[in-house]
Amino acid sequence: MTEQNQTTPAPETPASPPVREQPIRRVGTFTMGVALVAAGITALAAMFFPGFDPTLAFRLSPLIFLLLGAELILAHFQFPNVRLKYDFLSTVVCFFLLCAAACLAVIPSLWNYLGPPAMEARSQLQGQLETQLRQKLSDQQQIEGMYLQVELPYYERYTATDSYEELLPQSNIRLHFALFGPYGDAQSFAQDCALILEKLAGLEEQLNWVKFSCRQGPDFSLYLNSPFRLNFSPEQLASMVESPEEELEGSEEELDGLEIDSGYVYSWPDFVRYDTQGGMSAHSFLFDLPVDGPTQLLVDLATESGSLQLQILAEDGTILFDSTTQDAFPAQISLPAAGNYRCQVNADHHVGFFTLENLS
């Protein structure tokens, strides 16, 4: 009997069912559509309704995030077996819509501040305020010049028809007064400043800062940046005056007009001196020479480069001395009587010095 080997076939493994891909649903499309509709309505309203405030679009822009979140939550519960995916295009479009809304908020403010209506309103306000101040300060003979700067808030709307009374309470004012001088001390300078501050009553809320300066004689200056300081007494103001160092002790230079300290020193009735070692370009100033009686004055002047004209005038404007007609220095002149004589200095790229010494 022949034995035959038979191989038993292995049982077949059933094939696994194909894996179905989870369906994908994009979210954000609805939000983009609503945002586009809102942006279009805003643009139309801004064009056809002049009173419409386009900044409303910027203030309501966070609603886009709320709407996108609501769309995501609804899609999650409505399609639990669907994989959600953000619509990238919708996100980009919403981003640019937010940027456009921000521009809509900024552009009106810039127009309010830099546009022709606002510039005309500021110009009219500054002109009227300057006229008012000059009328108030017409009796203040110590004022050589006044600089006025007026600013208005950027967030308000202005037109050329806005009145002075409407604009003034909103304004910020900066004032700089240049005083004639010269002043012998900080107290006398502060006294004149106090007289001017009295005339500024009613502007306490609008004044941002007030500055006083005097370049004739010792270089005094006073800076006030608080409204309540307008009521300070001359003594209080004098304590805030900034002045140069006037100590002359220990100086190695002689007062003979050959070598002098750099700068301007006013020590009248003894002497006045000015060293323009660093150069004085296109400069002009006045200072007083008060005397109690007939006075002999020694004038010395030297020029290394440029030119300098020094004149001494009587109270009626008569020229008693002119350096351009003098042949040699030092020169001696007479101030004939008591009074307040004035010295006028005009320099052009001058390097050198001058001195005035009281010989009486």
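Keep in mind that this is a model prediction, so the values were computed, not measured.

**Q** How would you sum up the overall build of the chain? Please name residues and give values.
**A** When you go through the chain residue by residue, the secondary structure sums to eight helices and 13 strands. Counting all 360 residues of the chain, 36% fall into the buried class. Once local pairs closer than 6 in sequence are excluded, the contacts in the chain between residues at least 24 apart make up 71%. Of the roughly 22,200 Å² of accessible surface on the chain, 56% is carried by carbon and sulfur atoms.

**Q** I'd like a rundown of the pattern of salt bridges, residues and numbers included.
**A** Under the definition given, this model contains three salt bridges. Notably, a salt bridge pairs Glu130 with Arg134, separated by 3.0 Å at the nearest N-O pair. With Glu130 and Arg134 both in helix H5 (residues 116-136) and four residues apart, this pair spans about one turn of that helix. Taking the relative accessible area as the measure of exposure, Glu130 reaches 26% and is therefore partly exposed.

**Q** Which residues make up the side chain of Gln142, and what values go with them?
**A** Looking at where Gln142 falls in the secondary structure, it is placed in the loop between H5 and strand E3 (143-151). Among the polar contacts listed, one links the side chain of Gln142 to the side chain of Gln140, at a separation of 2.9 Å. If we ignore the near neighbours within four places in the chain, the residues touching Gln142 are Ala178, Leu179, Phe180, Tyr183, Asp192, Leu195 and Ile196.

**Q** Would you mind going over the pairing of strand E10 (residues 295-313) in detail, with residue names and values included?
**A** In this sheet, strand E12 (residues 331-335) lies alongside E10 in antiparallel orientation, the contact comprising five bridges. Considered in E12, the bridge of Thr295 is made with Leu335. As defined by bridge partners, E10 adjoins strand E13 (residues 339-358) across 15 bridges and the pair is classed as antiparallel. The residue of E13 that forms the bridge with Leu301 is Phe354. Pairing geometry for E10 and strand E11 (residues 319-322), over three bridges, is antiparallel. Residue pairing for E11: Gln311 is matched across the bridge by Asp322. The hairpin turn running from E10 into E11, its antiparallel successor, is five residues long, and Gly317 in that turn takes a positive phi close to 95°.

**Q** Any chance you could break down unusual backbone geometry for me, citing the residues and the numbers?
**A** At the junction of Phe329 and Pro330, the peptide bond is cis and its omega measures out at 0° in the coordinates. Position of Pro330 relative to the elements: it lies in the loop between E11 and E12.

**Q** Would you mind going over the environment of Met146 in detail, with residue names and values included?
**A** Inspection of the secondary structure assignment puts Met146 in strand E3. Judged by relative accessible area, Met146 falls into the buried class, the value being 15%. Along the chain, Met146 and Ala178 lie 32 residues apart, while their C-alpha atoms are 6.3 Å from each other. Those residues in contact with Met146 that sit more than four places away from it in its chain are Glu130, Leu133, Arg134, Leu137, Leu175, His176 and Phe177.

**Q** So what's going on with the confidence of the model for the chain? Residues and values would help.
**A** Chain-level statistics for the chain give a pLDDT mean of 76 and a share of 75% at 70 or above. Ignoring residues within four places in sequence, the model shows residues 245-262, a span with pLDDT below 50, making 30 contacts including any to other chains.

**Q** I'd like a description of the state of the cysteines, backed by residues and values.
**A** In this structure the tally under the stated criterion is zero disulfides. The structure places no disulfide on Cys193, whose sulfur is separated from the nearest cysteine sulfur, that of Cys214, by 9.2 Å.

Criteria and cut-off values
Residues numbered from 1 in each chain as written. Predicted model: local features only at pLDDT ≥ 70, side-chain atom pairs only at ≥ 80, totals over all residues. Heavy atoms only, no water. Helix = DSSP H or I, 4+ residues; strand = E, 2+ residues; numbered from the N terminus. Buried < 20%, exposed > 50% of the residue type's maximum accessible area, 1.4 Å probe, protein only. Contact = heavy atoms within 4.5 Å. Areas by Shrake-Rupley, 256 points an atom, 1.4 Å probe, with all protein chains shown as cover. Salt bridge = Lys/Arg side-chain N within 4 Å of Asp/Glu carboxyl O. Polar contact = N/O pair within 3.5 Å; in protein donor to acceptor, adjacent residues only side chain to side chain. Pairing = 2+ DSSP bridges. pLDDT = per-residue confidence, 0-100. Disulfide = S-S within 2.5 Å.

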